[in-house]
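# Summary of structural features
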Amino acid sequence: MNHSHAAPSIEPSNCRLDTMAPRLLTFGSISAVVGFVCAIGAGIAAGDQFTRFAHSYLVGYVFSLGILLGVLLFVLLQHLTKSGWFSAIRRIPEILAALIPVWCLLALPIVFVLPKLDPWAAADPGSHLEHTGLKAIYLQPVPFVVRFAIYCIIWSWLGRIYFRRSLDQDKTGGIEATRFLERLSPIGTILWALTASLFSFDAIMSLDAHWYSTMFGVYFFSGCMVGAMSTIILIVWFLQSSGHLPGAVTKEHYHDLGKLLFAFTMFWAYIAFSQYLLIWYSNIPEETGWFAKRVHGPWAGVGWLLIFGHFVVPYLAIMSRHMKRQPRLLAFWALWQLLMHYVDIWWQVVPPISPDHLSLTISDIGCAVGFMGCIVAGFAIVGRHLPLINERDPRFMESLSHVSP
Amino acid sequence: MSTMTSDTSIGIPSVADNLSDDPRRRAPLVVGDNNYATVTEKVCSVVERPKTPLAWYVAFGVSAALATYMVVLIGYLFWTGIGVWGNNQPVGWAFEIVNFVFWVGIGHAGTLISAILFLLRQHWRTAINRFAEAMTIFAVICAGLFPAIHVGRPWFAYWLFPIPNQMNMWPNFRSPLLWDVFAVSTYFTVSLLFWYVGLIPDLATLRDRAQTRLRSFIYGIFALGWRGSARHWHRYEVAYILLAGLATPLVLSVHSVVSFDFATSQIPGWHATIFPPYFVAGAIFSGFGMVLTLIIPCRKWYGLEEVITLRHLENMNKIILSTGMMVGLAYGTEFFIAAYSSNPIEEFTFINRALGPYAWAYWIMICCNVVVPQIFWSRAMRRSVPVMFVVSILVNVGMWFERFVIIVSSLNRDFLPSSWHYYSPTWVDVSMLIGSFGVFFTLFLLFLRFVPMVAIAELKGVMPQPASTRRNAEAPHA
């Protein structure tokens, strides 16, 4: 196999955000402020005591947190599999995962609007009396908040420790950090699997307290990974097209990132299809009710959009080798999939409160822009003085010379 | 993929072991004082020995006797009807479907190793893929037996296939049982093709080394005129990667479709949306268990410890640990959702599973699949051959019981207590399970005797491991 390589020209200057950081920070903060202000404004204007706004906020929150969680899992899996191909630029997902503590604070509004989201959390006790057994205890505001706090502690701890130890390695250059993080990764992955599945039950599945699907955690995971791979591709592409990281990221890396995006796109479709098929086939009313709201009536179009937009079209597009090896084209499809991932979450959350018409409000868009702005601003603040490459990672050279067959 | 085009010997420094986990360098995959020539010699000599070892004859004799017993049992079954089994309402599916799912599950490791690990560039797969793929094919053959003899009127078994006929009678295309026919037969075909494509260069090696004209002729036919030219290799590698891409979704689809047999129903305990990925994880888990059970004695008896090293075994143990925990997560999720649902029927089903008449089977399953693999958290245990041999067997005991628990414990408590029934297998049920192992081992022993059990050409592609990276350094191959 003859792949010609340009000699890596990595210099400290092009591996830092430096002048880019203030601009990113300004862009991110303005997006965040404008987004949230518009969303709140629209929420007030709606005059429904923030019910619609609460749903918009939840969609944006789960969408953005899901991306960060997916990125965290990506870092964990890199260590778990002792992988080398991505080690030079693992700093980028590390910075993103280190932002998770901020999302713990951003969860506070959800706690306040919980009664608007979940009938079981409403002050009126009559609404949750009908639940019996575990559900009567499980779906209560206080246990909900306690669980949420536990997830937040675990995720923040994992995100920060992988970030901190990686920075330590920049200074010391020792392999102890790698060893330690590799040892921690199986435990981190297990914790991730447990907390992320429970989070998906708590945050989305419980919106319809009667509905349940054992697949739901896996469905959430598959979406997170599509979002995470798209975000990583977009950031890497953005940094490179603004003159950063020459040599550290080659077409080979884009090719492999593209393969992973392709794989998770397929995996998402596999899980979404299996969940739908099994519920459709069995036709048990408790279960079909959830899909009935989403695939009949005004929301049916969104269902079709997901089938074609989240799977068929990107599946055929990203399958192409050419597509994966052209950073601009790949970035386009990453953006596309990020958008579709949002549509997926929106389609899971909103239909019950707007069963009669398709509802995409200013507050939906405002919250999504706001949360994405937070990611950009957070990336700029955390990453502003840091090298964007893990120069002293023991597998650094392996990553630079990576070839995707 | 990089592979050798010729069999030249290149001096490679001898490595004592490859167990170091130093992140600065990748561990070599072949240890000892080996080069291309010795690897070819080691693998080929197994099938070239003029005298077959006595132990092989003994093992083959036992397996073939059991396989013959299976044939006799099938004859008996056809003669008397499936009443000789213990199945009865409400337990309409029991041992035979358990065996079917069990064997299909075992047949998952091969294609996972050959396709998914190939796409993930896990180079250690080269020492074990041939072996695992062969195992896959034989396991799927064993699996295919059971639905075919379960149909009641076996002379109509061909009705499973949508064959145009003058009665204009078709199978129900909306039935997952029909999807199974397509899924399993597609999987079998692609696995066989994949195995065979990978074999071609090695069969040519055997042809070129053959001492007798007959051997040369037979291996020559199967080697399809392979000469090892650059053009051959080019086409071969393209075909191989395409097959890997095609086989990857199949690894997921086959056991997903098998899980649909249960999950599309309305039977509590069968109908769970998590079934497809949960079955796939379990299948990989059991498949790796079986690969380990088989590979541990083989590498010892055939002196392949330097090729199938302790590191390979350790990696497989890690996969067993991780897939075992995925299965554990699925068990936990099912229980949690049953409790969360507050649906009395769901709750009853799962309490019945853990505390009801088949609680013993349930706890065997939990111990073998969730508890026992935890021993692999310890590095010493992951590297202890006796420990992993025992664990690998227990994993398959556990996975057999998993299917038993899912199928039988969900059926034995029907919606009306008047229809409750404790299922017990008859001697025919038990004998058929044993007989299926006879069929499996007969085929497997034939494979060991006539086909190189390690992919020699592929192994050479990963052999000399330069210090920093394989690709960057000057590798001695093209």
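Residues numbered from 1 in each chain as written. Chains lettered and ligands numbered in written order. Predicted model: local features only at pLDDT ≥ 70, side-chain atom pairs only at ≥ 80, totals over all residues. Heavy atoms only, no water.

A few words now on the interface of chain B and chain A. Tallying the contact residues gives 43 residues for chain B and 56 residues for chain A. Three residues stand out in chain B for area buried against chain A, namely Pro23, Thr273 and Tyr340 of chain B, and they jointly supply 19% of the buried area on that side. Between chain B and chain A we count two salt bridges in total. Taking the shortest distance from any N to any O, the salt bridge between Arg26 of chain B and Glu398 of chain A comes out at 3.0 Å. At the boundary of chain B and chain A, one finds 17 residue pairs in polar contact (both at pLDDT 80 or more). Sorting the residues of the side of chain B that touches chain A by element identifies helix H6 (176-209), helix H8 (230-263), helix H9 (275-301) and helix H10 (310-341) of chain B as the ones contributing at least two each. If you tally residues by element for the side of chain B that touches chain A, the top one is H10 of chain B, at ten residues. When the residues that make up the side of chain B that touches chain A are grouped by side-chain class, the tally is 20 nonpolar, 13 polar and ten charged. (Contact = heavy atoms within 4.5 Å. Buried area = accessible area lost by both parts, 1.4 Å probe. Salt bridge = Lys/Arg side-chain N within 4 Å of Asp/Glu carboxyl O. Polar contact = N/O pair within 3.5 Å; in protein donor to acceptor, adjacent residues only side chain to side chain. Helix = DSSP H or I, 4+ residues; strand = E, 2+ residues; numbered from the N terminus. Nonpolar A, V, L, I, M, F, W, Y, C, P; charged D, E, K, R; others polar.)

All names here are of chain B. A contiguous nonpolar surface patch, about 730 Å² in accessible area, is contributed by Val151, Tyr158, Trp159, Leu160, Phe161, Ile163, Met167 and Met169. As for its position among the elements, Met167 is in the loop between helix H5 (129-150) and H6. By relative accessible area, which is 56% here, Met167 ends up exposed. (Patch = residues over 30% accessible without salt bridge, like charges linked within 9 Å, V, L, I, M, F, W, Y side chains within 5 Å. Areas by Shrake-Rupley, 256 points an atom, 1.4 Å probe, with all protein chains shown as cover. Buried < 20%, exposed > 50% of the residue type's maximum accessible area, 1.4 Å probe, protein only.)

The next point concerns H6 of chain B. All names here are of chain B. Here H6 contains 34 residues, and its C-alpha end-to-end distance of 48 Å stays within 8% of the 50 Å for a straight helix at 1.5 Å per residue. Largest kink in H6: about 45°, centred on Ile200, with the proline Pro201 one to four residues after it. One side-chain oxygen of the residue at the start of H6 lies 3.0 Å from the amide nitrogen of Leu177, identifying that residue as Ser175. (Expected span 1.5 Å × (residues − 1). Bend = angle between axes of the 7 residues up to and from the residue.)

Once that is clear, we can look at helix H8 (residues 176-203) of chain A. Compared with the 40 Å implied by 1.5 Å per residue over 28 residues, the 38 Å span of H8 of chain A between its first and last C-alpha is a close match. The axis of H8 of chain A is deflected most strongly, by about 35°, at Ser185 of chain A, and proline Pro186 of chain A appears within four residues downstream.

Bear in mind that shape data such as this cannot, by itself, settle questions of function.
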